[in-house]
Amino acid sequence: MDAEAMYGPARAAFGKLVSTADIVSVGASGISSPTPQHYWASVLFTRLVVTAKSIQVLTPALGPNTHVDFSAVASIVRNLAECYLFFFFLCIDDVPQDQKDARIILLNLHDDGSRAKLFAELGEEELDDETRALRIVVRTDLETKFAANSYLAALPEKRQRELLRGEKTFFVQDDVIDRTDLDKKNFRFLYRFLSNHTHTGPVAFYRMGEHGRGQVTGTRRTPSIWRPLWSSRRPF
């Protein structure tokens, strides 16, 4: 079965899953969150549904002159996969309470570190005195909670320093996948494939002609702008 023949059934199956998830999301709205895990589950599940709906918008039913941006879809699908890993790690994974608390602390540290790195691009002079003072309060609170958590305090000092900086994702992707029912080998292959489209690696465009991407759907006509680029398999 060629890709175009697979597209319709896959699109329909995905649509049913999104509709079910949407019903669950709407049905759970307005319910108070007794724990941080419940709160972040509501936030991340909503994000999963919204992202999935965006994928639907980018994957319309095929017809004459239908526009489908393969790389845009691949990029947002990777985003969906990453969101699920966060959802599982923070909200689903059944670990002792000190680890659950640690993961929320690490989430907040990662947010703080990411924002600090982001705004550092503008220079500290761009932040007013009140904002800087507030960030110091937040940072001190996070470091206090980190030191008080038995799981985090037992980690090697080097790892503690890395986590306290909060600049990188605080879990190892493969470790999380191992705790899910996902096929790690298949996930890793797909993730690397999707990443090539997210970052415009050669895999994203090297065989566009060979795979027929860029063609006008439903016709034999190929936009003339692409023809010179498709004159040979390799550009050298």
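Residues numbered from 1 in each chain as written. Predicted model: local features only at pLDDT ≥ 70, side-chain atom pairs only at ≥ 80, totals over all residues. Heavy atoms only, no water.

1. Overview of the overall build of the chain
Right, on to step 1. Of the regular secondary structure elements, the chain holds ten helices and zero strands.
Right, on to step 2. Going residue by residue from the N terminus, the α and β elements of the chain occur as α-α-α-α-α-α-α-α-α-α.
Right, on to step 3. Split into buried and exposed, the 236 residues of the chain put 29% on the buried side.
Right, on to step 4. For the chain, the share of sequence-separated contacts (at least 6 apart) that also reach a separation of at least 24 residues comes to 64%.
Right, on to step 5. Per element, the accessible surface of the chain, about 15800 Å² overall, is 58% carbon and sulfur. (Helix = DSSP H or I, 4+ residues; strand = E, 2+ residues; numbered from the N terminus. Buried < 20%, exposed > 50% of the residue type's maximum accessible area, 1.4 Å probe, protein only. Contact = heavy atoms within 4.5 Å. Areas by Shrake-Rupley, 256 points an atom, 1.4 Å probe, with all protein chains shown as cover.)

2. Thoughts on the packing of aromatic side chains
Right, on to step 1. According to the stated counting rule, one finds eleven aromatic pairs in the structure shown.
Right, on to step 2. For the pair Tyr 84 and Phe 88, a centre-to-centre distance of 6.4 Å together with 40 degrees between the ring planes defines the contact as tilted. Placement of the pair is Tyr 84 and Phe 88 together in helix H3 (residues 70–92), with a separation of four residues, close to one helical turn.
Right, on to step 3. On the accessibility criterion, Tyr 84 (27% relative accessible area) is partly exposed.
Right, on to step 4. Phe 88 sits in the buried class, given a relative accessible area of 8%.
Right, on to step 5. For the pair Phe 86 and Phe 171, a centre-to-centre distance of 5.0 Å together with 75 degrees between the ring planes defines the contact as edge-to-face. In this pair, Phe 86 sits in helix H3 while Phe 171 sits in the loop between helix H7 (157–165) and helix H8 (173–178), placing the two residues 85 residues apart along the sequence. (Phe/Tyr/Trp six-rings, centres within 6.5 Å; stacked < 30°, edge-to-face > 60°.)

3. Regarding the pattern of salt bridges
Right, on to step 1. Taken as a whole, this structure holds twelve salt bridges when the rule is applied.
Right, on to step 2. One continuous salt-bridge network, built from bridges that share partners, spans Asp 93, Arg 103 and Arg 179. (Salt bridge = Lys/Arg side-chain N within 4 Å of Asp/Glu carboxyl O.)

4. Observations concerning the environment of Val 203
Right, on to step 1. On the secondary structure map, Val 203 appears in the loop between helix H9 (184–198) and helix H10 (208–211).
Right, on to step 2. On a C-alpha basis, the gap between Val 203 and Phe 193 in space is 7.5 Å, while along the polypeptide they are ten residues apart.

5. Observations regarding the packing of helix H2 (residues 36–58) against H3
Right, on to step 1. The geometry of H2 relative to H3 is characterised by a closest axis approach of 9 Å and an angle of 165 degrees between their N-to-C directions. Taken together, H2 and H3 sit at an angle that is classed as roughly antiparallel. Pair H2 / H3 crosses with left-handed handedness. Across the interface between the two elements, Gln 37, Trp 40, Ala 41, Leu 44, Phe 45, Arg 47, Leu 48, Thr 51, Ala 52, Ser 54, Ile 55 and Leu 58 of H2 pack against Ala 72, Val 73, Ile 76, Val 77, Asn 79, Leu 80, Cys 83, Tyr 84, Phe 86, Phe 87, Leu 90 and Cys 91 of H3. (Axes fitted to C-alpha atoms, helices over the stretch in contact; angles between N-to-C directions. Parallel < 35°, antiparallel > 145°, perpendicular 65-115°, else oblique. Left-handed = near helix turned anticlockwise from the far one by under 90°.)

6. Let's talk about a nonpolar patch on the surface
Right, on to step 1. A cluster of nonpolar side chains, contributed by Leu 118, Phe 119 and Leu 122, occupies part of the molecular surface with about 290 Å² of accessible area.
Right, on to step 2. With respect to the element layout, Leu 118 can be found in helix H4 (residues 97–120). (Patch = residues over 30% accessible without salt bridge, like charges linked within 9 Å, V, L, I, M, F, W, Y side chains within 5 Å.)

7. Overview of the nonpolar core
Right, on to step 1. Residues Leu 90, Leu 106, Phe 146, Leu 152, Leu 163 and Phe 170 are the most contacted members of the largest nonpolar core, which totals 30 residues.
Right, on to step 2. Elements represented by at least two residues in this core include exactly H2, H3, H4, helix H5 (129–148), H8 and H9.
Right, on to step 3. Examining the composition of this core, we find that ten residues originate from one element, H3, more than from any other.
Right, on to step 4. Not counting residues within four places of it along the chain, the set of residues in contact with Leu 106 comprises Phe 146, Leu 152, Leu 163 and Phe 170. (Core = buried A, V, L, I, M, F, W, Y, C linked by side-chain atoms within 4.5 Å.)

8. Structural notes on a positive patch on the surface
Right, on to step 1. Positive charge collects at one region of the surface, where Lys 117, Lys 158, Arg 161, Arg 165 and Lys 168 lie side by side.
Right, on to step 2. The element that contributes the greatest number of residues to the positive patch is H7, accounting for three residues.
Right, on to step 3. Checked against the element boundaries, Arg 161 lands in helix H7.
Right, on to step 4. Taking the relative accessible area as the measure of exposure, Arg 161 reaches 47% and is therefore partly exposed. (Lys, Arg positive; Asp, Glu negative; His and termini not counted. Charge placed at Lys NZ, Arg CZ, Asp CG, Glu CD.)

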